[in-house]
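# Structural characterization, general
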Amino acid sequence: MVSMNNYNQLEIRWVDLEPTRGAETQKKRPCVIVQSDLVNKKSKTFIIAPLLRGHKPWPFVVNINPSQKNGLDEPRHINLKQIRVVDNSRIDNQVGILEKDYLNSIHVAINIVLGL
């Protein structure tokens, strides 16, 4: 397991989301760390958002195309309606790093979800 100080914003990592309840995103899947690096440095918990298969037209998602940098093997979308806090023990291997070009779209989607 990687130490808690080695996680960075926009990293895509495998995260075990089980156990879940109801309509929560389930199973082990790639997730993007959305928490800031300032908080990541001293944290044992991390704010993540799951990456789900395919593209969606919803205002609370950010559609991601696969690239060598992000390590994804197919088009996915970040579901910002499913952001959650997870303990570092749920976080596993790195898939890749999300391109910074997506950061503004993530901010917009989070603002839509939280009403900020």
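Look up: the structure comes first, before these words.
Please read these numbers as outputs of a predicted model, since none were measured by experiment. (Residues numbered from 1 in each chain as written. Predicted model: local features only at pLDDT ≥ 70, side-chain atom pairs only at ≥ 80, totals over all residues. Heavy atoms only, no water.)

A cluster of nonpolar side chains, namely Val113, Leu114 and Leu116, defines an oily patch on the protein surface of about 300 Å² accessible area. Note on placement: Leu116 falls in the segment after helix 2 (103–114). (Patch = residues over 30% accessible without salt bridge, like charges linked within 9 Å, V, L, I, M, F, W, Y side chains within 5 Å. Areas by Shrake-Rupley, 256 points an atom, 1.4 Å probe, with all protein chains shown as cover. Salt bridge = Lys/Arg side-chain N within 4 Å of Asp/Glu carboxyl O. Helix = DSSP H or I, 4+ residues; strand = E, 2+ residues; numbered from the N terminus.)

On to the pairing of strand 2 (residues 28–33). In terms of burial, strand 2 is a largely internal element, five of the six residues being buried. Sheet topology note: the strand 1 (residues 11–16)/strand 2 ladder contains five bridges and is antiparallel. In the sheet register, Ile12 faces strand 2, and the bridge partner there is Val32. Alignment of strand 2 against strand 3 (residues 45–53), held across three bridges, turns out to be antiparallel. Each bridged residue has a counterpart across the sheet, and for Val32 the counterpart in strand 3 is Ala49. (Buried < 20%, exposed > 50% of the residue type's maximum accessible area, 1.4 Å probe, protein only. Pairing = 2+ DSSP bridges.)

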